[in-house]
Amino acid sequence: MERILLVEDNISLSKLISLKISKELPFEVDIAHTYKEAQLFMRQYKYFVALLDLNLPDAPNGEIVDYVIEQNIPCIVVSSSVNKTFRKQILDKNIIDYVAKGGIEDIDYTISILDRLNKNRQHKVLIVDDSMVFRKAMQRMMKNLFFKVFAVGHGEEALSMLEQNPDIKIVLTDYAMPVMDGLELTKEIRKTHKKSDLSILAISSNDDDEISAMFLKSGATDFIKKPFSKEEFSCRINNAIEALENLETLTNHSKRDVLTGLYNRQYFLYKAQSYFLKSMEVEESFCLARIDIDNISKLKDSLGSEIVNNLIVHLSELLIFQLNEGDLVSHFGSEGFCVLLKNISNTSAQILLEGILHKMQVSPLILEDESDLNFTVCLGAVSQAEESLEATLDQADLLLYNAKNVGSNTLILE
């Protein structure tokens, strides 16, 4: 587990902060009450971030901040006296942010910063600016926020970088650039990347107010006018990435089954329909299978809905590991599942589905009393497409019905 260094001479406050971090975030916290103790910790461990009190008994004038920066440890400064002079002086240093030392809301804000930095590590950012000096300054600020950073000098390079890294989440682009300016770049990016997938932040020193409007109309998410403060920049960047994350969460909720986390019926059918039409065009073979847990009504009556729900989650996890990359699986409601095996022959589908039958038979759910709940499933599968996806699914349902009439742990594949 990664570590955070908390340097704070107030023992009660340091314990409270440490407790909240350990409870809410995946970090271990080391507490130093003096400058000397902090030095000893830094010689022994590597740190994700250091939280630094400016006024320590053996370093009353913020010496700890300069020392931690020299050690290349990202730091957040905590101070009880936050005013305009303090903000200017401290933000001139290469720190992430500052936090007021006050009530519980300030501790919560500190937790939110650490959480944000931790999440930022999974996101890529692209900086587009023809000024090497400004480009490097932007890179430094973005790396301080823990993003994976790419930087290029003009628009055409940016499009190439986006093609190589389609998972880039934020593009920061200057307006005035050679070859392709920021406005043209924004229009080009929006041809392939929706606002829900990628944020574009335009940056310009141009005094023409129409420039910002033109950017926003062309698809930019935000506009930042030079010169800007590091504090304003960080807030806008964090707002942009949080908005994307929130949209992604909402989108996933609309696609996913609440119980299992698998695709829900509606989204599975949407994805399957798209694949079905493509497979018809290129004559790609596939297999559509319906799966039901055997004797589910008896299990509910004897064990209760909660245990049956746990069984359904268990089955969904087993299915995920049995399937090939790119295959689709959905919880179809109640005890039913549906699986789409892509680009697979009838023989290979038979082997895979028989493997699913066997896996379920030998993988009981472990109950709270450590006893085993054994279960089996029935499968009805179609490897010959009907005239439509709906007709193919109906045929799979019919074969599942026939399999259940044969008996438990049965597969019928046609």
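Use the structure listed above.
Residues numbered from 1 in each chain as written. Predicted model: local features only at pLDDT ≥ 70, side-chain atom pairs only at ≥ 80, totals over all residues. Heavy atoms only, no water.

A. The sheet that holds strand β17 (residues 411-413), seen in detail. One open sheet accounts for five strands, arranged β12-β13-β11-β16-β17; its pairing is mixed. In this open sheet, the two strands that pair with only one neighbour each are β12 (328-333) and β17. Put simply, the sheet's adjacent strands are angled 15° from each other on average, direction ignored. Relative to strand β16 (residues 377-382), strand β11 (residues 287-293) runs antiparallel, the two sharing six bridges. Across the sheet, R290 pairs through a bridge with G380, a residue of β16. Set on the sheet, helix α11 (residues 265-282) makes contact with β11, β12 and β13 (336-341); between it and β12 the angle comes to about 140°. Relative to β16, helix α15 (residues 389-406) is tilted by about 145°, and along the sheet it contacts β11, β12, β13, β16 and β17. (Pairing = 2+ DSSP bridges. Helix = DSSP H or I, 4+ residues; strand = E, 2+ residues; numbered from the N terminus. Axes fitted to C-alpha atoms, helices over the stretch in contact; angles between N-to-C directions. Contact = heavy atoms within 4.5 Å.)

B. Examining the pattern of salt bridges more closely. Overall, the coordinates contain 21 salt bridges when judged by the stated rule. Residue D30 is joined to R3 by a salt bridge in which the shortest nitrogen-to-oxygen separation is 2.9 Å. Highlighted residues: D30 in strand β2 (residues 28-32) and R3 in strand β1 (residues 3-7), separated in sequence by 27 residues. Accessibility expressed as a relative area gives 9% for D30, which makes it buried. Given a relative accessible area of 16%, R3 falls into the buried group. When the shortest N-O distance is used, the salt bridge between D108 and K20 registers 3.5 Å. (Salt bridge = Lys/Arg side-chain N within 4 Å of Asp/Glu carboxyl O. Buried < 20%, exposed > 50% of the residue type's maximum accessible area, 1.4 Å probe, protein only.)

C. Structural view of a negative patch on the surface. A cluster of acidic residues, E306, E368, D369 and E370, forms a negative patch on the protein surface. Secondary-structure assignment places E370 in the loop between β14 (365-366) and β15 (372-373). The exposure class assigned to E370 is exposed, which follows from its relative accessible area of 69%. (Patch = residues over 30% accessible without salt bridge, like charges linked within 9 Å, V, L, I, M, F, W, Y side chains within 5 Å. Areas by Shrake-Rupley, 256 points an atom, 1.4 Å probe, with all protein chains shown as cover. Lys, Arg positive; Asp, Glu negative; His and termini not counted. Charge placed at Lys NZ, Arg CZ, Asp CG, Glu CD.)

D. Expanded view of unusual backbone geometry. Residue K226 is joined to P227 through a cis peptide bond whose omega torsion reads -10°. Along the chain, the position of P227 falls in the loop between β10 (222-225) and α10 (230-255). Non-glycine residue N72 carries a positive phi angle of around 60°. With respect to the element layout, N72 can be found in the loop between α3 (63-70) and β4 (75-79).

E. A look at the packing of helix α13 (residues 305-322) against helix α14 (residues 346-361). The N-to-C vectors of α13 and α14 enclose an angle of 145°; their axes lie 10 Å apart at closest approach. Of the two possible hands of crossing, α13 and α14 adopt the one that is right-handed. Contacts between α13 and α14 pair L315, L318, L319 and Q322 from the former with L352, G355, I356, K359 and M360 from the latter. Residues that form the contact of α13 with α14 fall into these classes: six nonpolar, two polar and one charged. (Left-handed = near helix turned anticlockwise from the far one by under 90°. Nonpolar A, V, L, I, M, F, W, Y, C, P; charged D, E, K, R; others polar.)

F. Structural view of the packing of helix α1 (residues 11-24) against helix α5 (residues 104-120). Interhelical geometry of α1 versus α5 gives an angle of 40° and a closest axis separation of 10 Å. With respect to each other, α1 and α5 are oriented oblique. Of the two elements, α1 crosses α5, and the hand of that crossing is right-handed. Contacts from L13, L16, I17, K20, I21 and E24 of α1 reach α5 at I104, I107, D108, I111 and L114. For the contact of α1 with α5, the per-class residue count stands at eight nonpolar, no polar and three charged. (Parallel < 35°, antiparallel > 145°, perpendicular 65-115°, else oblique.)

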